[in-house]
Amino acid sequence: ATPTAIMVGTGMGAKRGVLFKNAMALETSARIQVVVMDKTGTLTKGEPEVTDVIIDGMPQDELLRLVAAVERESEHPLAEAVVRHADALGVAAASAERFENVPGHGAIAHVDGRRVVIGNRRLLERENVDLGTFAARRDELAATGRTAVLVSVDGVTAAVIGIADAPRDTSVAAVAALHDLGVEVVMLTGDNQATAARIAAQLGIDTVIAEVLPGDKATKIAELQNNGRKVAMVGDGVNDAPALAQADLGIAIGAGTDVAIETADVVLMRSDPLDVPIALRIGRGTLRKMR
Ligand code: ADP
Ligand code: MG
């Protein structure tokens, strides 16, 4: 691109808080065929809230006391939602011992000498815990687009906690605008398949890649790059950094982590998904002026 076209494109982006880090980022934006979007914090607000606590055989206060003790040690957004919920209900504090964070799965610790496991189905399966009647409750929550967090105490499933994270107001419009540009939109998430599929359907996204472990996101991007397809990845988290680096164009949501922002080629300062199609349009406009 000519220096003038690049200056104009960069300036147009900057006015909207769409920061292209260099000329290459602007040029690549014009050639993107697939946009992969992280679910949590990118398509959704990233403000999870507990909506359901389904228990069997244990008072809610006692269950939440054990769960909050473990989740207080975790930095996961879902853990923060659980702790906030317990605090709002005035649940008594307890301390967790031998805390273990299991990336992409959940957390494990001992409270009052009891082994508490909190996380997804994969984690409970790994622990050889039978979901029993909770399997159906979990599926019901997932079908509504909520994340179902399972809890086992001393090897027995004790509860399933439903957590909702609302889509951002402009996510539907952003997906539609990308489709208008002829771009394929893919949702990528560590969350479970049913939950992700429900939210994708609400947003008009047809391809979902779910239950991806944090370390595997970059591999999924590489797979989408087959046949030389140009892939952009939009994300916000520390987990997303390798995928942002692997993509032809890494786009970070400005409200995200420093690692994501440093790794990305483009930063969306307003954290608005609508700025993704805008970035691609600015790129296309810049290329057109070159010719
Ligand atoms: P995401 O792509 O949503 O950031 P992660 O890879 O961080 O996903 O986590 C994948 C899944 O593991 C979550 O959807 C959740 O079910 C479970 N999980 C991870 N950490 C925790 C935790 N501290 N408490 C409860 N569940 C967790
Ligand atoms: Mg995330």
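Sequence positions are assigned chain by chain, starting from 1 and proceeding in written order. For naming, the first written chain is A and the first written ligand is 1, with later ones following in the order written. Note on the predicted model: pLDDT of at least 70 is required for a residue's local features to be given, and 80 or more for side-chain atom pairs to be given and counted; whole-chain, interface and lining totals, by contrast, use all residues.

The name an unreviewed UniProt entry gives the protein is Heavy metal translocating P-type ATPase, with Lentzea kristufekii as the organism.

Quick notes on the overall build of the protein
To keep it simple, the criterion reads: In DSSP terms, a helix is any run of H or I states spanning at least four residues, a strand is any run of E spanning at least two, and both are numbered starting from the N terminus. The globule rule used here is 2.2 Å times the number of residues to the 0.38 power, and the radius of gyration it is set against is calculated over C-alpha atoms. Residues are treated as contacting if the C-beta atoms built from their backbones sit within 7 Å of each other.
Within the protein, the regular secondary structure consists of 13 helices and 13 strands. A compact globule built from 291 residues should have a C-alpha radius of gyration of about 19 Å, and the protein, at 21 Å, falls within 12% of that. In the protein, 61% of the contacts between residues at least 6 apart in sequence involve partners at least 24 apart.

Quick look at the nonpolar core
To keep it simple, the criterion reads: For this entry, the nonpolar core is defined as buried Ala, Val, Leu, Ile, Met, Phe, Trp, Tyr and Cys residues connected by C-beta atoms within 7 Å. Three exposure classes are used, all based on how many other C-beta atoms lie within 10 Å of a residue's own C-beta (placed from the backbone): buried at 20 or more, exposed at 12 or fewer, and partly exposed between those limits.
Of all hydrophobic cores here, the largest spans 49 residues; its most connected members are V35, V36, A232, M233, V234, I251 and V266. Other than its neighbours up to four places away in sequence, V234 contacts V35, V36, M37, D38, T42, I251, I253 and V276. In this structure, L64, V83, V129 and I163 belong to the second largest nonpolar core, which totals 38 residues.

Considering the site of ligand 1
The test is simple: Any residue whose backbone-placed C-beta atom lies within 6 Å of a molecule or strand is treated as near that molecule or strand. Note on residue classes: Ala, Val, Leu, Ile, Met, Phe, Trp, Tyr, Cys and Pro are nonpolar, Asp, Glu, Lys and Arg are charged, and everything else, Gly too, is polar. Note that the domain bounds reflect an automated or database-derived domain assignment.
In the vicinity of ligand 1 lie 21 residues, with H76, A79, G106, N120 and G190 positioned nearest. Elements represented by at least two residues in the shell around ligand 1 include exactly α5 (77–88), β5 (106–111), β6 (114–119) and β7 (147–153). Taken together, the residues of the shell around ligand 1 sort by class into six nonpolar, 13 polar and two charged. Formed jointly, the shell around ligand 1 draws a minimum of three residues from each of two domains, domain 1 (3–45 + 167–290) and domain 2 (49–164).

Let's talk about the domain arrangement of the protein
Split into domains, the protein comes out as domain 1 (3–45 + 167–290) and domain 2 (49–164). Inter-centroid distance (C-alpha atoms) of domain 1 to domain 2 is 32 Å. Listed per partner, the contact involves 11 residues of domain 1 and 12 residues of domain 2. With five residues, helix α9 (residues 193–203) is the single largest residue contributor to the side of domain 1 that touches domain 2. The residue inventory of the side of domain 1 that touches domain 2, partitioned by class, reads four nonpolar, five polar and two charged.

Details of the pairing of strand β12 (residues 249–253)
Heads up, the condition is: Crossovers are marked right-handed if the path from the first strand over the helix to the second runs clockwise, as seen with the strands pointing away from the viewer. Strand pairing follows a simple DSSP-based rule, namely that at least 2 bridges must link the two strands.
Most of β12 sits inside the fold, with five of its five residues counted as buried. Taking every second residue as pointing to the same face, both faces of β12 are buried, with L249, I251 and I253 on one and G250 and A252 on the other. Once the chain exits strand β11 (residues 231–235) it traverses helix α11 (residues 241–246) before rejoining the sheet at β12, and the crossover so formed is right-handed. Note that β12 and strand β13 (residues 266–268) share three bridges and pair parallel. Directly across from I251, in β13, lies its bridge partner V266.

A closer look at the packing of helix α7 (residues 134–143) against α9
Spelled out, the test is: Think of each axis as a best-fit line through the C-alpha atoms, taken over the contacting stretch in the case of a helix, with angles from 0 to 180 degrees between the N-to-C directions. In these notes the angle categories are as follows: under 35 degrees is roughly parallel, over 145 is roughly antiparallel, 65 to 115 is roughly perpendicular, and the rest is oblique. By definition, any crossing whose near helix is turned counterclockwise from its far helix by less than a right angle is left-handed, and any crossing with a clockwise turn is right-handed.
Relative to each other, α7 and α9 sit at 20 degrees, their axes nearing to 7 Å. With respect to α9, the element α7 is oriented roughly parallel. Considering only the axes of α7 and α9, their crossing is right-handed. Along its contact with α7, which presents D139, A142 and A143, the element α9 presents A194, T195 and R198. For the contact of α7 with α9, a count of residues per class yields three nonpolar, one polar and two charged.

Structural notes on the environment of A14
Summarising the element assignment, A14 is placed in helix α1 (residues 3–15). When the 12 C-beta atoms within 10 Å are taken as the criterion, A14 is described as exposed.

Quick word on the sheet that holds strand β8 (residues 156–164)
The six strands are arranged β3-β8-β7-β6-β5-β4 in an open sheet whose pairing can be described as antiparallel. Because the sheet does not close on itself, it has two edges, and the strands there are β3 (49–55) and β4 (96–102). This sheet shows a mean twist of 20 degrees between the axes of neighbouring strands, independent of strand direction. Alignment of β6 against β7, held across four bridges, turns out to be antiparallel. When the bridges of β7 are listed, I118 appears paired with V151. Its contacts with the sheet put helix α4 (residues 60–71) on β3, β4, β5, β6, β7 and β8, and the angle it makes with β6 is roughly 75 degrees. Contacting β3, β5, β7 and β8, α5 runs over the sheet at an angle of about 75 degrees to β3.

Description of the sheet that holds β11
Taken together, seven strands build an open sheet; the order of strands is β1-β13-β12-β11-β2-β9-β10 and the sheet is mixed. Taken across any chain shown, the strands that pair with only one partner, and hence form the sheet edges, are β1 (18–20) and β10 (207–209). In this sheet, neighbouring strand axes are inclined to one another by 20 degrees on average, regardless of whether the strands run parallel or antiparallel. Where strand β9 (residues 184–188) lies against β10, three bridges are found, and the strand directions are parallel. Its bridge partner lying in β10, L188 is registered against I209.

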